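Working through the structure, step by step
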Protein chains: 4
Amino acid sequence: MSADSGTLIGNPIPWPNDARCAVAVTWDVDCDSSLNIYNPNKADNLVASQSFARYDPLIAVPRLVTALRRLGMQQTFFVPGWCIEKYPAAMDLLMEGGHELALHGYLHERPNEISADDELYWLQRGIAAFTNHTGQRPRGWRAPSFAFSKHSLAYLVEEGFVYDSSLMGDDVPYVIKHKAGSLIELPTDWTLDDWPHYVFNRDFKFTMPISAPSKACEVFRAEFDAAWRHGGLWVSVWHPFVSGRLARLDAAIDLLGYMLAKGGVWFATLGEIADHVRKVMDEGAWKPRVESYPLYNSPIPELTRIDGKDARRARSR
Amino acid sequence: MSADSGTLIGNPIPWPNDARCAVAVTWDVDCDSSLNIYNPNKADNLVASQSFARYDPLIAVPRLVTALRRLGMQQTFFVPGWCIEKYPAAMDLLMEGGHELALHGYLHERPNEISADDELYWLQRGIAAFTNHTGQRPRGWRAPSFAFSKHSLAYLVEEGFVYDSSLMGDDVPYVIKHKAGSLIELPTDWTLDDWPHYVFNRDFKFTMPISAPSKACEVFRAEFDAAWRHGGLWVSVWHPFVSGRLARLDAAIDLLGYMLAKGGVWFATLGEIADHVRKVMDEGAWKPRVESYPLYNSPIPELTRIDGKDARRARSR
Amino acid sequence: MSADSGTLIGNPIPWPNDARCAVAVTWDVDCDSSLNIYNPNKADNLVASQSFARYDPLIAVPRLVTALRRLGMQQTFFVPGWCIEKYPAAMDLLMEGGHELALHGYLHERPNEISADDELYWLQRGIAAFTNHTGQRPRGWRAPSFAFSKHSLAYLVEEGFVYDSSLMGDDVPYVIKHKAGSLIELPTDWTLDDWPHYVFNRDFKFTMPISAPSKACEVFRAEFDAAWRHGGLWVSVWHPFVSGRLARLDAAIDLLGYMLAKGGVWFATLGEIADHVRKVMDEGAWKPRVESYPLYNSPIPELTRIDGKDARRARSR
Amino acid sequence: MSADSGTLIGNPIPWPNDARCAVAVTWDVDCDSSLNIYNPNKADNLVASQSFARYDPLIAVPRLVTALRRLGMQQTFFVPGWCIEKYPAAMDLLMEGGHELALHGYLHERPNEISADDELYWLQRGIAAFTNHTGQRPRGWRAPSFAFSKHSLAYLVEEGFVYDSSLMGDDVPYVIKHKAGSLIELPTDWTLDDWPHYVFNRDFKFTMPISAPSKACEVFRAEFDAAWRHGGLWVSVWHPFVSGRLARLDAAIDLLGYMLAKGGVWFATLGEIADHVRKVMDEGAWKPRVESYPLYNSPIPELTRIDGKDARRARSR
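Residues numbered from 1 in each chain as written. Chains lettered and ligands numbered in written order. Predicted model: local features only at pLDDT ≥ 70, side-chain atom pairs only at ≥ 80, totals over all residues. Heavy atoms only, no water.

**A few points about the overall build of chain A**
- Per the secondary structure count, chain A includes 12 helices and 12 strands.
- Considering only C-alpha atoms, chain A reaches an extent of 60 × 55 × 45 Å along its principal axes.
- Evaluated residue by residue, chain A yields a buried proportion of 68% over its 317 residues.
- Summed over its atoms, the accessible surface of chain A is roughly 10100 Å², and 48% of this surface lies on carbon and sulfur atoms.
- Mean positive and mean negative side-chain charge positions of chain A (33 and 39 charges, respectively) differ by 5 Å. (Helix = DSSP H or I, 4+ residues; strand = E, 2+ residues; numbered from the N terminus. Buried < 20%, exposed > 50% of the residue type's maximum accessible area, 1.4 Å probe, protein only. Areas by Shrake-Rupley, 256 points an atom, 1.4 Å probe, with all protein chains shown as cover. Lys, Arg positive; Asp, Glu negative; His and termini not counted. Charge placed at Lys NZ, Arg CZ, Asp CG, Glu CD.)

**What to know about the relation of the copies chain A and chain B**
- The two copies are related by a screw operation: chain A maps onto chain B through 90 degrees of rotation and 0.0 Å of translation along the axis, at an RMSD of 0.0 Å. Look at the turn and shift together and you get a four-fold axis relating the two. Minimal C-alpha separation from the rotation axis in chain A is found for P209 of chain A, amounting to 5.0 Å.
- A different interface surface on each copy is seen, since only 7% of the contact residues of chain A are contact residues in chain B too. (Least-squares fit on C-alpha atoms with pLDDT ≥ 70 in both. Contact = heavy atoms within 4.5 Å.)

**A few points about the pairing of strand β7 (residues 181-185) of chain D**
Residues and elements named next belong to chain D.
- The sheet contact formed by strand β5 (residues 163-164) and β7 spans two bridges and is parallel. Paired with D164 across the two strands is E185, which belongs to β7.
- Direction of pairing for strand β6 (residues 174-178) relative to β7: antiparallel, over a ladder of five bridges. If you follow V175 over to β7, its bridge partner there is I184. (Pairing = 2+ DSSP bridges.)

**A word on the packing of helix α8 (residues 213-230) of chain A against helix α10 (residues 246-262) of chain B**
- Running from N to C, α8 of chain A and α10 of chain B cross one another at 85 degrees; their axes reach a closest spacing of 8 Å. In terms of orientation, α8 of chain A lies roughly perpendicular with respect to α10 of chain B. Residues A222, E223, A226, R229 and H230 of chain A of α8 of chain A form the contact with α10 of chain B, whose participating residues are L246, A247 and D250 of chain B.
- Its residues assigned to classes, the contact of α8 of chain A with α10 of chain B shows four nonpolar, one polar and three charged. (Axes fitted to C-alpha atoms, helices over the stretch in contact; angles between N-to-C directions. Parallel < 35°, antiparallel > 145°, perpendicular 65-115°, else oblique. Nonpolar A, V, L, I, M, F, W, Y, C, P; charged D, E, K, R; others polar.)

**Notes on the relation of the copies chain D and chain C**
- Overlaying chain D with chain C gives an RMSD of 0.0 Å, the required rotation being 90 degrees about an axis along which the chain moves by 0.0 Å.
- In this assembly the copies use different faces: only 7% of the residues contributing to the interface of chain D also contribute to that of chain C.

**A word on the pattern of salt bridges**
- One pass over the structure, following the stated rule, counts 60 salt bridges over all chains.
- Taking the shortest distance from any N to any O, the salt bridge between R289 of chain B and E291 of chain B comes out at 2.9 Å. Residues R289 of chain B and E291 of chain B agree in their burial class; the two are buried.
- Several salt bridges share partner residues, and in doing so they unite K215 and E218 of chain A, K215 and E218 of chain B, K215 and E218 of chain C together with K215 and E218 of chain D into one network. (Salt bridge = Lys/Arg side-chain N within 4 Å of Asp/Glu carboxyl O.)

**A word on the side chain of R289 of chain D**
- Along the chain, R289 of chain D turns up in the loop between α11 (270-282) and β12 (290-292).
- A relative accessible area of 18% means that R289 of chain D is categorised as buried.
- Within the structure, the side chain of R289 of chain D is placed 2.9 Å from the side chain of E291 of chain D, a separation counted as a polar contact.
- Apart from residues no more than four positions distant in its own chain, R289 of chain D is found in contact with L58 and I59 of chain A together with N11, G169, D170, Y174 and V175 of chain D. (Polar contact = N/O pair within 3.5 Å; in protein donor to acceptor, adjacent residues only side chain to side chain.)

**Quick word on the interface of chain A and chain B**
- The partner chain B presents 54 residues to the 57 residues of chain A that form the contact.
- Carbon and sulfur atoms supply 57% of the area that chain A and chain B bury against each other, a total of about 5000 Å² over both sides.
- Taken together, the connections running from chain A to chain B amount to six salt bridges.
- Between E291 of chain A and R54 of chain B there is a salt bridge, and its shortest N-O distance comes to 2.9 Å.
- Connecting chain A to chain B are 18 residue pairs in polar contact (both at pLDDT 80 or more).
- Listing elements by their share of the side of chain A that touches chain B, those giving two or more residues are α7 (195-198), α8 and α12 (309-315) of chain A.
- Top contributing element to the side of chain A that touches chain B by residue count: α8 of chain A, with eight residues. (Buried area = accessible area lost by both parts, 1.4 Å probe.)

**Here's the deal with the packing of aromatic side chains**
Residues and elements named next belong to chain B.
- Here the structure, examined in full by the defined rule, presents 76 aromatic pairs over all chains.
- Plain terms: the ring middles of F204 and F241 are 6.1 Å apart, the flat faces sit at 45 degrees to each other, and that makes the pair tilted. With F204 in the loop between β8 (200-201) and β9 (206-207) and F241 in helix α9 (residues 240-243), this residue pair connects regions lying 37 residues apart in the sequence. Both residues of the pair, F204 and F241, belong to the buried class.
- One Lys or Arg, R245, reaches over the ring of Y55 and ends 4.4 Å from the middle of that ring. (Phe/Tyr/Trp six-rings, centres within 6.5 Å; stacked < 30°, edge-to-face > 60°. Lys NZ or Arg CZ within 6 Å of the ring centre and 35° of its normal.)

**Here we look at the packing of helix α2 (residues 47-71) of chain C against helix α4 (residues 88-96) of chain C**
Residue and element names in this part refer to chain C.
- Close contact between α2 and α4 brings their axes to 9 Å; oriented N to C, the two are set at 5 degrees. Considered as vectors, α2 and α4 are oriented roughly parallel to each other. Where α2 abuts α4, its residues P57, V61, P62 and V65 lie against A90, L93 and L94.
- Of the residues contributing to the contact of α2 with α4, the split by class is seven nonpolar, no polar and no charged.

**Focus: unusual backbone geometry**
- Following Y293 of chain A, the chain continues into P294 of chain A via a peptide bond in cis, with omega recorded as -5 degrees.
- Relative to the helices and strands, P294 of chain A resides in the loop between β12 (290-292) and α12.
- Phi is positive for F146 of chain C, which is not a glycine, with a value near 55 degrees.
- On the secondary structure map, F146 of chain C appears in the loop between β4 (140-141) and α6 (152-158).
- In this structure, C31 of chain D is a non-glycine residue whose phi angle is positive, near 50 degrees.
- Within the fold, C31 of chain D resides in the loop between β1 (21-28) and α1 (33-38).
- The class for C31 of chain D is buried, based on a relative accessible area of 0%.

Quick look at the structure:
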């Protein structure tokens, strides 16, 4: 009896240099954008949470740049446009460190909670902020709060994005396709997000028990071990002001050391991974799973039967 | 001093081949049914959660079929009717793998939150979807969200079900009886559900700290060890898109390995267990505990005293 | 450097036979009383939660009686009056086992959320149910949900209670005094309640991560070790349908084994402890701390200044 | 590969005697002030929570004074003015023990949830209570619930405070500057607060899973190890009625023992640390990071565009 006699991934992708798996440590650099949008009428008065959030550009980003230089690693940083404008020095440090910048909304607005027009407005404003500062249009996207809307794919295609990393539908890259074009999806999961393990802060409406770094890293490491065994893609969703605090960063660096010691790991930015995916697709070396979007354009018919009775009942729940 | 000198189960059931306990790994294959019903006005716009939920039929079910084939095990999969219609390929894979399909509502509606008429409507629609695809009527039922109503038993009896696995009233099978007939109850408990250990997702209104697979499996294993010691029934309530992710499935397979190594375990589907229960009852080898339902037809009288004062006060809490 | 050179309890009480500490495992036997009062309009329709709650009288109480007989221990069971009337057989088992019954409201109503008149009405109805079945008036009280009101002490004194175990103000017994008389307070703390460790159930508005029994018992054991070191009183607040499930009861019994092996522990019912406290007080061997109640008869004046401005602001929070 | 080849702190401060780090165990002595303000209309009726909160002055403070005398340590205690007036004996014990008292509001009101005028009113009332009892004006401040407002800095400067310990923006001291003057900021973080690890109490709107003391101390110790490695400042936010309970205090004392054994730790009050910071600044031995406040005087313009549309949409979330 053993289920261990082969990968449990349906269509494993060939990684460069026969690596067992790919690891992309990615960071969402929210700074105080989300604090402002979560508390539009009082964020100016939440000084402790401002200090909590501004640890991002002022303390954690410089620290990460230093630590990653020592490690010889480049990683991917998703940044809201407003943060680029507000904290340009932190952005410059990241760019000088050779890291990849990608876009994470403008003010951390949730695309699926605003109108389609507004979504496009903020997306373009984010792109403008990004392009103005970096001199390049963004190639990668992660929706703030993973709030990818039914319009997002079309907009991203239209704006020339190459990859998205907001979805959770697989353990390896896949393709998300719209009639207007397609993106490489580099999926992650809440399991690799640091908030559920570390954040207790009422102003962020997030009050979880705070784990020891060793405990959070057990979760992250278990995901890595499985990716390594089965050939998967491991994409963290960490935040400088959360995982960039001293004790947690020490633990994260220990985890990277564990990965390095295990061997056979391709450490890469998401941009590099997207390029690799495109290459093996173009070469015919791998055929991705393709998902067409949007899945639904409106509530499903079972919820909108003509008499509406059940739907109303369900809705009133 | 020892409390270990005998079982703590009042009426232990004889398991086949003198097994110490019975283990039924059961899965609720919700796909995106619950996402739709929890968010009737906006599920079409929750793309990341769609991808999270559709991992069920697209990734996890094929993976489970593969893994269970390697393990040589058949298990029980509860499926809402809508998912059968929506994801027939996944259903076919399960059937080809020799697994048991059982019914889990139509759209993951909660029976005890809708009217009695609606409950029957959706139950029959679920049965129709099930029967259309599998060619057989369902024999087993688990209420979505364990939301078994006071009408459920009568309906299930009427529709010819053999067993239910929604209740939590014992550690061994029992009989739930209505004037119209009875079912075998194969009880479980939230303790063996994977959601409290693993799921953080606001669109599902479920934001728990995420445990490492090894930590969740400590809970599941403790329940198993106790079932083994005392002769109980161990029924997991796992979800492919939760426990079918790579790291968790590896841990679950390790747990199955632990059970196999301990020995004396009867691994079975719930259908097989229900048949065994019926057999030992018919043979007179075991007398089940019987519970008659409904327990209450209306709020208890203490809450509806004529003057109503206390009841109103209590209700206004 | 050491803080360990003596007890950290201000006025340690002499325990019988020079015991290091006293341990009272106490159980709140809520059955489905709280389910009804928490869901006055729909509890009749919550069948799975009914089965979850009725595990109390039908499965767990008989099991506990068996297990405690094997252990040779008597313990204290707090029971709402309605449960006594509803499940007399379970009560008889407890009485036959030599256990102490004490009162826990009538329908698990929270005294500090109803009027003073209603509190007295339900208290007396609880006493009547208790006395009718047991032939004795109750000597001990624990307020449902620890919801001891500012009227409770006077009522309990008037009704002849000897001790209360609802408060959390010390690590050893103390006296709570009203102008009409006084009670022995045998304090506990949420730390020794099993709900925060084990209960996930929406119908009870209680959705905590579910710990492994070994993890919950680490908390309970740490409290015991400290009580043992410093001479304290350890009073658990366990529930048969929670901690009486197989795996948890096995772990609880292991914990009792740990306590027994450590030695110097006085295992007792709360009634026995109250009697001991009274005795050492009467003998002048120990002088208890005394708290006079009620502390406040109305909101404190700082919240009700004449102009009311701050108070209103504070209240509107 | 190593990121361990140097501190990850940008501008490490020289600690006295070449200590590796500074440790300030600080306590917020809320007593029942916060219970009253959180429940202005019913705190008088919440007797169990009163007893839970009054464990602070009646049990835990005397215990801490004893334990710290044995340890030969002085620590910092933040106290609301109302508690000073209400529990003068506990204050006297702390003063006799040589501990530092600092101010923590008047009734644990949250400055950023009341008007600027009220904030000043309560601040001055707190100062008056403090000065009346201790004979000295307070030098240090921690905002209740970390609710430092945009007006707080100006008020604190005006009232002659020397340091604040409410913010979370760094791992070493920094300076917070207002046009009227500046304070030394001695930052902490929710990670070192004991509530997320230990408190389950509905009357405090705080219902977390309760950790074993050893588990909570893993979190605190990980922060210490990182502070020690990198040269940081470790400031706990503990509460006598939470961490002063027997088992938790034993664990906290064990943690202090661990720190002492590791060596190179400067144990100090926050007042001593603030004085040291001022000294190394005045001597030119260290240049602090300076943050100017307020950061924002009103909601950011992106949220108040002329047409207001997006802002309204965002606000309506």
